[in-house]
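Fold and geometry: a report
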Amino acid sequence: MYNHLIYLLEVSLIFVLLYSIFRFMLSKHTFHNLNRFVLLMIIPISISIPFIKSIYSFEVIPSNIPVFNEMHSENFGTNSTNYITHFSEFSYIKLLSIIYAIGIFISFYKTLKAIFHLYKLRKNAIVKHSNKYQLIYCETKETFSFFNWIFIPFESIHQSEKIIIDHEKQHANFHHTLDRLVTEIFIAFFWFNPVVYLFRKTLSAVHEYQVDARVLKDKSISTTEYLQLLLYTINNSYIKYLYSYFNQSMIKNRVEMICKSKTNNLLRFKYLILIPICFVCLLSFTKREFSVTKTLETNITTDKTSKDNSFIYPLKGSPKPYITSHFGVNRKLFKKLKAKIHNGIDFKAKVNTPIFASSDGVVTSASFEGNWGNLIIIKHANGYETLYAHLNKFKCKKNQFVKKGEIIGYTGKTGLIKGPHLHYAIKHNGIYVNPINYLE
């Protein structure tokens, strides 16, 4: 789940960058069709770049998370030895995940409720067919469209009703409702990002600019008459973003865009700036993996000692960190449970005590792993791996090369444990070994 949250943040960052460039450099141009295309493409590009990063690598470094079977020390300085804190169930990651899921549910609920409301309106309405459109006279305050459905108030007495209906038909022709549904789905998953709501408003404005230009191009109404119609509805600000309304609250911007001179076609080349920016984003998310692989090949294989590898203590003590549980001790977690062999050693430590890499290597895992809590696994030369469990927070990332003695994280009490400590283990060719025989 930690990796999923990182992915969501990466998508959000790219989305904010691309939207900001469009908003401040391109949105004032009268290339409405092009603007709509660019806005819609921001969504799949933002989603794709971090996804490509996650699967695009010159070499995949394996990360096999072992099954949790750590035995628990009898003394961690806690007041009660009978109480076990399932911190993993209440960790900040799970809390964020629950809040995130609630946000998704609320967003989808609002969208489905709006769609259900339309079907309810249509059920009690008078429906008239006009070519491919359905004119639905119902209990509504104003005219709006949803796909090819045009919802019209029962008592519509506006003298320009035909123009308004033609306006909504153009929304249907452009398939703007589909744009809105795609946007609402994206917002449902990224509701925590305030920029997505600005994006929705900008896309709605572009939709209106498109339709205004098309209606005026048909010359069925003069520009002056059309502007007067807009001014007539300027005080109405009732909006449902899932639908298309003639009298949007962005009347002032629409008037300015209608009166604005057409942008010089040469300025279309400005949009090409998005290509190198996307390329830079892609490189920024993939370069790290390339350099890590190269570092692994050039550095890690040079680490040899008389024992194949030597490791320093992951915590600094005087003279050694206090060990509360040794390797291989046969104990019982509960009286009724079968005893297991401890696959590492436990160091007593307060929360947020710095943890040091025992040797040069590449981080193959730095994530939350259930009962292990926050877990770091480092791959070293000659088939060795070190594991650091129950951390409070990380100071390294997956595929990062770390040097011996470099701080990689901080101790904590995540996972299935009694109290704060560091569980430390060494594996050689996939088999747990006694760390004491390798620590110096």
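Structure shown above.
Read on for a plain summary of the structure. Small disclaimer: the values here were computed from a predicted structure and weren't measured.

Quick notes on the rules
Residues numbered from 1 in each chain as written. Predicted model: local features only at pLDDT ≥ 70, side-chain atom pairs only at ≥ 80, totals over all residues. Heavy atoms only, no water. Helix = DSSP H or I, 4+ residues; strand = E, 2+ residues; numbered from the N terminus. Buried < 20%, exposed > 50% of the residue type's maximum accessible area, 1.4 Å probe, protein only. Contact = heavy atoms within 4.5 Å. Areas by Shrake-Rupley, 256 points an atom, 1.4 Å probe, with all protein chains shown as cover. Axes fitted to C-alpha atoms, helices over the stretch in contact; angles between N-to-C directions. Parallel < 35°, antiparallel > 145°, perpendicular 65-115°, else oblique. Nonpolar A, V, L, I, M, F, W, Y, C, P; charged D, E, K, R; others polar. Core = buried A, V, L, I, M, F, W, Y, C linked by side-chain atoms within 4.5 Å. Salt bridge = Lys/Arg side-chain N within 4 Å of Asp/Glu carboxyl O. Patch = residues over 30% accessible without salt bridge, like charges linked within 9 Å, V, L, I, M, F, W, Y side chains within 5 Å. Lys, Arg positive; Asp, Glu negative; His and termini not counted. Charge placed at Lys NZ, Arg CZ, Asp CG, Glu CD. Disulfide = S-S within 2.5 Å. Expected span 1.5 Å × (residues − 1). Phe/Tyr/Trp six-rings, centres within 6.5 Å; stacked < 30°, edge-to-face > 60°. Polar contact = N/O pair within 3.5 Å; in protein donor to acceptor, adjacent residues only side chain to side chain. Pairing = 2+ DSSP bridges. Left-handed = near helix turned anticlockwise from the far one by under 90°.

The next subject is the overall build of the protein chain. Counting its secondary structure elements, the protein chain contains nine helices and 19 strands. The buried share of the protein chain, taken over its 440 residues, is 50%. The contacts of the protein chain with a sequence gap of at least 6 include a subset with a gap of at least 24, amounting to 73%. Of the accessible surface of the protein chain, which amounts to about 23200 Å², a share of 60% is contributed by carbon and sulfur atoms.

Okay, the packing of helix H3 (residues 92–123) against helix H5 (residues 176–189) next. Where H3 contacts H5, the axes come no closer than 7 Å and their chain directions differ by 155 degrees. With respect to H5, the element H3 is oriented roughly antiparallel. Of H5, the residues touching H3 (which contributes Tyr-100, Gly-103, Ile-104, Ser-107, Phe-108, Thr-111 and Ile-115) are Leu-181, Glu-184, Ile-185, Ile-187, Ala-188 and Phe-189. Class assignment for the residues of the contact of H3 with H5 results in nine nonpolar, three polar and one charged.

What follows concerns the nonpolar core. Proteins that are soluble and globular tend to have nonpolar side chains buried together. Counting residues in hydrophobic clusters, the biggest one holds 33 residues, and the most contacted among them are Phe-15, Leu-18, Leu-39, Phe-186 and Phe-199. Those elements giving two or more residues to this core turn out to be helix H1 (2–25), helix H2 (32–55), H3, H5, helix H6 (195–217) and helix H9 (274–299). The leading source of residues in this core is H1, at nine residues. Apart from residues lying up to four places away in sequence, Phe-199 is in contact with Phe-15, Tyr-19, Leu-39, Ile-43 and Thr-183. With 26 residues, the next largest nonpolar core counts Phe-311, Phe-347, Leu-422 and Leu-439 among its residues.

Bringing the pattern of salt bridges into the picture now. If charged atoms from side chains of opposite charge come close, those side chains can pair. According to the stated counting rule, one finds six salt bridges in the structure shown. Between Arg-36 and Asp-179 there is a salt bridge, with the nearest N and O atoms lying 2.6 Å from each other. Linking Arg-36 in helix H2 with Asp-179 in helix H5, this pair joins segments that are 143 residues apart in sequence. Judged by its relative accessible area of 14%, Arg-36 falls in the buried class. Given a relative accessible area of 6%, Asp-179 falls into the buried group.

All right, on to a positive patch on the surface then. A cluster of basic side chains, namely Arg-23, Lys-28, Lys-201 and Lys-260, defines a positive patch on the protein surface. Tracing the backbone through its elements, the reader meets Lys-201 in helix H6.

This next bit is on a nonpolar patch on the surface. A surface patch of nonpolar side chains, about 530 Å² in accessible area, is lined by Ile-98, Ile-102, Phe-105, Ile-106 and Tyr-109. Along the chain, Ile-106 falls in helix H3.

Enumeration according to the criterion identifies zero disulfides in this entry. With no disulfide of its own, Cys-278 has Cys-281 as its nearest cysteine by sulfur position, at a separation of 6.3 Å.

Our next topic: H3. Here H3 contains 32 residues, and its C-alpha end-to-end distance of 46 Å stays within 8% of the 46 Å for a straight helix at 1.5 Å per residue. Within H3, burial applies to Ile-93, Ser-97, Tyr-100, Gly-103, Ile-104, Ser-107, Thr-111, Ala-114, Leu-118 and Leu-121.

Turning our attention to the packing of aromatic side chains. Summed over all chains, the structure comprises 22 aromatic pairs. A centroid spacing of 6.1 Å and a plane angle of 65 degrees characterise the contact between Trp-149 and Phe-151, whose relative ring orientation is edge-to-face. On the basis of relative accessible area, Trp-149 is assigned to the buried category, the value being 13%. Taken together, a centroid distance of 6.0 Å and an interplanar angle of 50 degrees make the contact between Phe-190 and Phe-192 tilted. Exposure remark for Phe-192: the relative accessible area of 33% places this residue in the partly exposed category.

Attention now moves to unusual backbone geometry. One non-glycine residue, Asn-131, adopts positive backbone phi at about 60 degrees. Along the chain, the position of Asn-131 falls in the loop between strand E2 (126–130) and strand E3 (133–138). Looking at Asn-131, the relative accessible area reads 77%, which means it is exposed. With a phi angle near 75 degrees, Asn-399 is a residue other than glycine that sits in the positive phi range. Along the chain, Asn-399 turns up in the loop between strand E14 (384–394) and strand E15 (401–402).

Attention now goes to the environment of Asp-179. Sequence separation between Asp-179 and Ser-204 is 25 residues, and the spatial gap between their C-alpha atoms is 9.3 Å. Excluding residues within four positions of it along the chain, Asp-179 makes contact with Arg-36, Leu-40, Leu-203 and His-207. At a separation of 3.0 Å, a polar atom in the side chain of Asp-179 contacts the side chain of His-207.

Attention now moves to the pairing of strand E18 (residues 421–428). Taken residue by residue, a regular strand's side chains alternate between the two faces of the sheet. In terms of burial, E18 is largely enclosed, as seven of its eight residues are buried. In the sheet, strand E10 (residues 345–348) pairs with E18 via four bridges, with the strands oriented antiparallel. Within E18, the position partnered with Ile-345 by the bridge is Tyr-424. Note that E14 and E18 share six bridges and pair antiparallel. If you follow Tyr-384 over to E18, its bridge partner there is His-428. Across three bridges, E18 lies against strand E19 (residues 431–433) in antiparallel orientation.

Here we take up the pairing of E2. Taken together, the five bridges between E2 and E3 define a ladder with antiparallel strand orientation. In the strand pairing of E3, Lys-128 is matched with Leu-135.

For the rest of this paragraph, the subject is the packing of helix H4 (residues 161–173) against H6. Contact geometry of H4 with H6 gives a least axis separation of 9 Å together with a crossing angle of 120 degrees. In terms of orientation, H4 lies oblique with respect to H6. Once H4 is placed against H6, the crossing between them reads as right-handed. Between H4 and H6, the residues in contact are His-167, Gln-170 and His-171 and His-207, Glu-208, Val-211, Asp-212, Arg-214 and Val-215, respectively.

Remember that the coordinates give geometry; whether it matters functionally is a separate question.
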